Amino acid sequence: MQCLKHLPTGSKWTAVKLQSLRTTGCPLTGAGTVTLAGIPCLQSSESPVIAMIRNVSVTRFGRPEFLQCGQCLVHHCKSLSTSSGQDPIEQHRRRLRDWFSHVPNEEMRFGSYSIKNWRVDPVIVESSPEENRELTAKLGVYSHIEPKQSQIIKVDQVFTTACDESPVKNVLLYGMVGTGKNAMVNKLVLDWCDGKLSQFDIILPFSCVDLASQNQPTSLNKLITRKYAQLKSIVPQIGLGKQGNVLFIFTDLEQLRLDFRLSKTELCNDPNEPLPPNSMLVNLLRKYLLPDVNILVTTRPSAVDSIPPMYVGRYVRTCGFTDVEQQYLFFKNRLNISGYDQANENLMNMLYRNLQRQSQITSDCFLPSYCWIICATLHFLHFTTANTPIQTLTSLYTSFLRLNFGGQILDASYQQDISIVRFVAKTVGKLAYEGIEKRKTLFSEEDLQRCFELDTKAEEELNQLTAFQIDVLGFFMSPIAQFNSDPLLRFTIPAMQEYVAALYIVLGEKKSVLEKVGMVVSDTIGKASEDVTAILAIVSKLVPFRILTLVRLVNIFPRMFKKISAKSKKGIANTMVFEMFKQDDEFNSDVLEQINVSILGEEVEVSSTAGGERAGTQCFELFPIFMAGLLAQNNRLLLEQLGCTIKNITVREIANNLKKNLSNVTGKQLPSSEFMDLLFFLYELQNDAFAGEICKSFQSLNLSQVQMTPLKCFVITSIMNTSSHPIEEINLSLCNLNGDCLKILQTLLIRCRDLNLQFNNLGLGAWQEVSNLLMDPHCAVQNLWLCDNALSEAAVNCIGPAIAHNRSITQLSLLNTSLGDKGVKMLTPYIRDNAHLRDINLASNHISEHTAMDLVEMIKTHPTLERVHLYLNEISDRGKQNLQVLSREQDGVTVLASITDESNISAYWSLILKNISQNTANRDKELVADYLTLFQNELTFSRGQTRNLWKKLKLLRVENGIETLLKQIKQEN
């Protein structure tokens, strides 16, 4: 009997004739047996065979139509592809590859993201339920235990054992949130899609979160068809014969409640019979339904024991990244930004050194998820450009929670659907906030019990808390071993303490007893008042209205509760302002610098002894900034997906109260680092109208000594541009500015009157941006300080034409810019062509006497110049006298050849000396010594010129101060 591909419609095949196909060979695969409607399948030397039948049973469908002989899955797909032009399995591979290679929105911030070049596989090891219980024994927190080398296995070895006679069918993969379960599943699926996992003919992934959301029972075949429509033609084959080539993957098992008791879950071996999702999975794991398929189940530690050990062939645990090299490889791949330069390489070296120190970041990064947030933070801090869409820090942390938790609920069996993130805010957030109040980063078991309110919980709630502590708490907190005492807990990443504390406050979880009772009573009375109002509408036609006013008192309590809740919102605003402007935080670096230091391990620089005394104190300066960020519209939308709703009316009331408080504070002169924090606070709020109202009061910006980055410049510009008011002064001295920073700041600098850019070591790119600023026809800068920035020949050629072209600047300071005679000669024609300059400072530039005289000769014909500063240059005492004489001869032009010329210059002696002493650390010691010697010579010359005894004594006192400073510099060398 030949192998039949088609049976004519209407043919009457009996069961006997179908049985006769058992001993018939198949021309596609060779000798063997054929399976139809459950008859044992054909065995092939190539692979196990799954019978393919378009209609499973003659009796079921009434007539034998389009039946095919038994053949292997691969051969059947080939026959389908020749007839339809598409191979279902190849089409399935392609769609799975697209699905599992999908780039989430959160990944788009990484410029070189690629599923192939960044993936670093987490370590997985053989495990057991006993090891799981050992890991969760201390404080209910899942601790990290270094795996033994003999236990480590590869992803493609999960279903293979040393004994091939007993292959593994059911594998349970478990691990705490963030250890890499999803990464392992992704690798397994993508390897199969790329043909690297040949042990399976087909892989079918399912999410238990999706299965738990299904209200109606469904059959296994229908479930497959609905999720993978491309497999519709071969789905019946999966339910027949030996399916050794099929792998089912079920992720997030904790979202389903499984019950293996026969009295609760009946047996079923028919893939076409509708079943609840949990019953279907139980029968698959029992091997009663599709006994030959492989099953991989992923779950969190608390649900490991939900499957009896007799139904698990192997336990596998994800361990994350167990060594520094894995962690560094992750960072290196993810931060491999196009256009990699020396600065980026230095950044990676600093990060690697910090990892090698076995510092806090090293222990934190055993969680791949935490590697992600650290990597994303570094990208946020260091790879911001003027053309890159900028995220906020709060949105980065909110996205981090969405990636790890999505909209998952705490317990699928609980009556109320409480999202995990909301529960985190209520419990962990409370613990975090109390820690911030007490300046505390370490927490004991008693702290946990108090914040979780264990003494007031019912049995079911305690079970939930236990699962939460095992599965989720360890994601946020990790234990620190203490000698001779119980272990303490800390937040794995310090910023996470401030984020969840902010979430706790903004979501209104911090409630007084009156508020807690009031909310319940208000809801109850509110519902009752609706019924009362309906009755009153009828009764009012018969009863005098005066009587009904007494009944309407039922609405009084809801109104009272609204007032209470309004006070709560005012309290949130007060908390934000109080935490933002603490007096003891004035000497800290700005928060962006603090974040950078915490990752790269640099030493925190302080600007005074007061700051040095409290260097070890926890600041928690991110806390108010996160509160502001959580009120932003985009973050509220993300939080809505996570089950945390912040209403518009709440945001409006908080913003109104916040505006009143900020108006009182911002009128004061803030330290530069704290002012930077305020701008970042307003940026995180993402409310241009609100920021514009606050910025109107900023007439000057003092950001001196804030280490500028493109990110900080972007924040400053975006906030200050919410208001178009003119700015009197911007102080950007000692800010480490470069070309990118000045380019981003351009729209802000252009409307400033006084601009201070001294001590920035400007490079050629930065000088080009200064040139662009001066060339702009809308430039409003009148006084420009470029002191202590070296002007090379190329820089003079860059900025010179801009000086000649500019029509706004009246005072230009080029003090100590290393011009020399050559630079001054190059610059002189440009100064001559500028018809608006009134004051130019060329002091301390190694200018010779001859060049100085030539410059003064040029000034004779200049239409607007009134004063030229030439002190602290290489001019002899006789030359200074000649310049003074020449200055007196010129009508209206003053040449200041000595530091003490004119009384108004003398008033700044102490300031000049203070500037030198404060910035000694930022300059070459030998150059500083030469500078001070010149200064001392100027004072000696002036002391000899004056006849005023009081002035002589004053000059002598300053000379002695310089002498002391010179001795200190020599001792340091």
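Residues numbered from 1 in each chain as written. Predicted model: local features only at pLDDT ≥ 70, side-chain atom pairs only at ≥ 80, totals over all residues. Heavy atoms only, no water.

Chemist: Before we go on, may I ask you to explain the overall build of the protein in this structure?
Modeler: For the protein, the count of helices and strands is 40 helices and 18 strands. Burial status across the protein gives 53% buried among its 973 residues. Restricting the contact set of the protein to residue pairs at least 6 apart, pairs at least 24 apart contribute 77%. Total accessible area on the protein stands at roughly 44,800 Å², and carbon and sulfur atoms take up 51% of it. (Helix = DSSP H or I, 4+ residues; strand = E, 2+ residues; numbered from the N terminus. Buried < 20%, exposed > 50% of the residue type's maximum accessible area, 1.4 Å probe, protein only. Contact = heavy atoms within 4.5 Å. Areas by Shrake-Rupley, 256 points an atom, 1.4 Å probe, with all protein chains shown as cover.)

Chemist: Which parts of the structure should I look at to understand the sheet that holds strand E10 (residues 488–491)?
Modeler: Hydrogen bonds between backbone atoms are what pair the strands of a sheet, whose relative direction is either parallel or antiparallel. On the basis of which strands lie adjacent, the open sheet formed by 3 strands has the order E8-E10-E9 and antiparallel pairing. For this open sheet the edge positions go to strand E8 (442–443) and strand E9 (477–480), each flanked by a neighbour on one side alone. Across 4 bridges, the pairing between E9 and E10 is antiparallel. Looking at the pairing, Met 477 lines up with Phe 491 of E10. Each of E9 and E10 touches helix H18 (residues 459–476); the most contacted strand, E9, lies at about 80° to it. (Pairing = 2+ DSSP bridges. Axes fitted to C-alpha atoms, helices over the stretch in contact; angles between N-to-C directions.)

Chemist: What should I look at first to understand the pattern of salt bridges in this one?
Modeler: Should the charged atoms of two oppositely charged side chains come close, the side chains can pair. All told, the structure shown has 23 salt bridges when counted by the stated rule. A salt bridge links Glu 453 to Lys 430, with the nearest nitrogen and oxygen atoms 3.3 Å apart. Of the two residues, Glu 453 sits in the loop between helix H17 (445–452) and H18 while Lys 430 sits in helix H16 (residues 420–437), which places them 23 residues apart along the sequence. Exposure remark for Lys 430: the relative accessible area of 17% places this residue in the buried category. Salt bridges sharing partners connect three or more residues here, namely Glu 434, Lys 440, Asp 447 and Arg 450. (Salt bridge = Lys/Arg side-chain N within 4 Å of Asp/Glu carboxyl O.)

Chemist: Explain the packing of aromatic side chains to me, please; I cannot follow it from the model alone.
Modeler: Two measures describe an aromatic ring pair: the distance that separates the ring centres and the angle between the ring planes. One pass over the full model with this rule turns up 29 aromatic pairs. On the numbers, 6.4 Å between centres and 55° between planes, the contact of Trp 99 with Tyr 228 is tilted. In this pair, Trp 99 sits in helix H4 (residues 88–100) while Tyr 228 sits in the loop between helix H8 (220–227) and helix H9 (235–238), placing the two residues 129 residues apart along the sequence. Here Tyr 370 and Phe 475 contribute two aromatic rings whose centre-to-centre distance is 5.3 Å and whose plane-to-plane angle is 75°, an arrangement assigned as edge-to-face. Note that Tyr 370 is positioned in helix H14 (residues 368–382) and Phe 475 in helix H18, a separation of 105 residues in sequence. Phe 475 shares its class with Tyr 370; the two are buried. One aromatic cluster is present, formed by Trp 99, Phe 100, Phe 206, Tyr 228, Phe 248 and Phe 250 through successive ring pairs. (Phe/Tyr/Trp six-rings, centres within 6.5 Å; stacked < 30°, edge-to-face > 60°.)

Chemist: In this structure, what is going on with the environment of Phe 935? I would like to understand it.
Modeler: Examined against the element boundaries, Phe 935 turns out to sit in helix H39 (residues 925–945). For Phe 935, a relative accessible area of 0% corresponds to the buried category. C-alpha separation for the pair Phe 935 and Val 958, spaced 23 residues apart in sequence, amounts to 9.9 Å.

Chemist: How should I be thinking about helix H6 (residues 181–193) in this particular structure?
Modeler: Residues lying three or four places apart along an α-helix face the same way, a consequence of the helix completing one turn every 3.6 residues. The end-to-end C-alpha separation of H6 is 19 Å, in line with the 18 Å expected for 13 residues at 1.5 Å each. Along H6, the residues that are buried comprise Lys 181, Met 184, Val 185, Lys 187, Leu 188, Val 189, Leu 190, Asp 191, Trp 192 and Cys 193. Of the residues trailing H6, Gly 195 is marked for its positive phi of about 80°. (Expected span 1.5 Å × (residues − 1).)

Chemist: Whenever I open this one, the sheet that holds strand E11 (residues 700–702) confuses me. Can you help?
Modeler: The sheet built from 8 strands is open, its strands ordered E11-E12-E13-E14-E15-E16-E17-E18 with parallel pairing. With partners counted over all chains shown, the strands left at the sheet margins are E11 and strand E18 (894–896), one partner each. When the angles between neighbouring strand axes are averaged without regard to direction, this sheet yields 10°.

Chemist: Which parts of the structure should I look at to understand the packing of helix H15 (residues 393–405) against helix H25 (residues 622–630)?
Modeler: It is at 8 Å that the axes of H15 and H25 come closest, and there the two elements cross at 75°. Between H15 and H25, the crossing angle belongs to the class labelled roughly perpendicular. Contacts between H15 and H25 involve Leu 393, Thr 394, Tyr 397 and Thr 398 on the former and, on the latter, Leu 622, Ile 625, Phe 626, Gly 629 and Leu 630. (Parallel < 35°, antiparallel > 145°, perpendicular 65-115°, else oblique.)

Chemist: What's the story with the environment of Leu 658 in this structure? I'm lost.
Modeler: Relative to the helices and strands, Leu 658 resides in helix H27 (residues 648–665). Its relative accessible area of 1% is what places Leu 658 among the buried residues. With residues near it in sequence (within four places) discarded, Leu 658 still touches Ala 573, Met 576, Val 577, Phe 681, Leu 685 and Phe 690.

Chemist: What exactly am I supposed to notice about the nonpolar core here?
Modeler: A general trend in soluble globular proteins is that nonpolar side chains are found buried together. Counting residues in hydrophobic clusters, the biggest one holds 185 residues, and the most contacted among them are Phe 476 and Leu 732. Among residues more than four places away in sequence, those in contact with Leu 732 are Leu 703, Met 708, Leu 737, Leu 745, Leu 749, Leu 755, Asn 756, Leu 757, Gln 758 and Asn 760. In terms of nonpolar packing, the next biggest core, distinct from the first, is built from 64 residues, Phe 248, Ile 249, Leu 281 and Ile 307 among them. (Core = buried A, V, L, I, M, F, W, Y, C linked by side-chain atoms within 4.5 Å.)

Chemist: Help me understand helix H32 (residues 764–775), please; the structure alone is not making it clear to me.
Modeler: An ideal rise of 1.5 Å per residue puts 16 Å on 12 residues; H32 measures up with 16 Å between its terminal C-alpha atoms. Of all the positions in H32, only Ala 766, Trp 767, Glu 769, Val 770, Ser 771, Leu 773 and Leu 774 are classed as buried. Contact partners of the buried residues in H32: helix H31 (739–749), strand E13 (752–756), strand E14 (783–785) and helix H33 (793–805).

Chemist: Before we go on, may I ask you to explain the packing of helix H12 (residues 342–356) against helix H23 (residues 591–600) in this structure?
Modeler: Between two packed helices, what matters for the description is the angle formed by their axes and the separation of those axes. One way to put it is that H12 packs onto H23 with a least axis distance of 8 Å and a crossing angle of 60°. The angle between H12 and H23 falls in the class oblique. For the pair H12 and H23, contact is made by Leu 347, Met 350, Leu 351 and Asn 354 and by Ser 598, Ile 599 and Leu 600, respectively. Of the residues in the contact of H12 with H23, the class split is 5 nonpolar, 2 polar and no charged. (Nonpolar A, V, L, I, M, F, W, Y, C, P; charged D, E, K, R; others polar.)

Chemist: Would you mind going over a nonpolar patch on the surface with me for this structure?
Modeler: Together, Leu 262, Leu 267 and Tyr 288 make up an exposed nonpolar region whose accessible area comes to about 300 Å². Structurally, Leu 262 is set in the loop between strand E5 (246–251) and helix H10 (277–286). (Patch = residues over 30% accessible without salt bridge, like charges linked within 9 Å, V, L, I, M, F, W, Y side chains within 5 Å.)

Chemist: What is the right way to look at unusual backbone geometry in this model?
Modeler: Positive phi is not limited to glycine here, since Asn 761 has a value of about 50°. In this fold, Asn 761 is placed in the loop between E13 and H32. Among the residues examined, Asn 761 registers a relative accessible area of 63% and is labelled exposed. Look at His 846: it is not a glycine, yet its phi comes out positive at around 55°. Along the chain, His 846 falls in the loop between strand E16 (839–841) and helix H35 (849–859).

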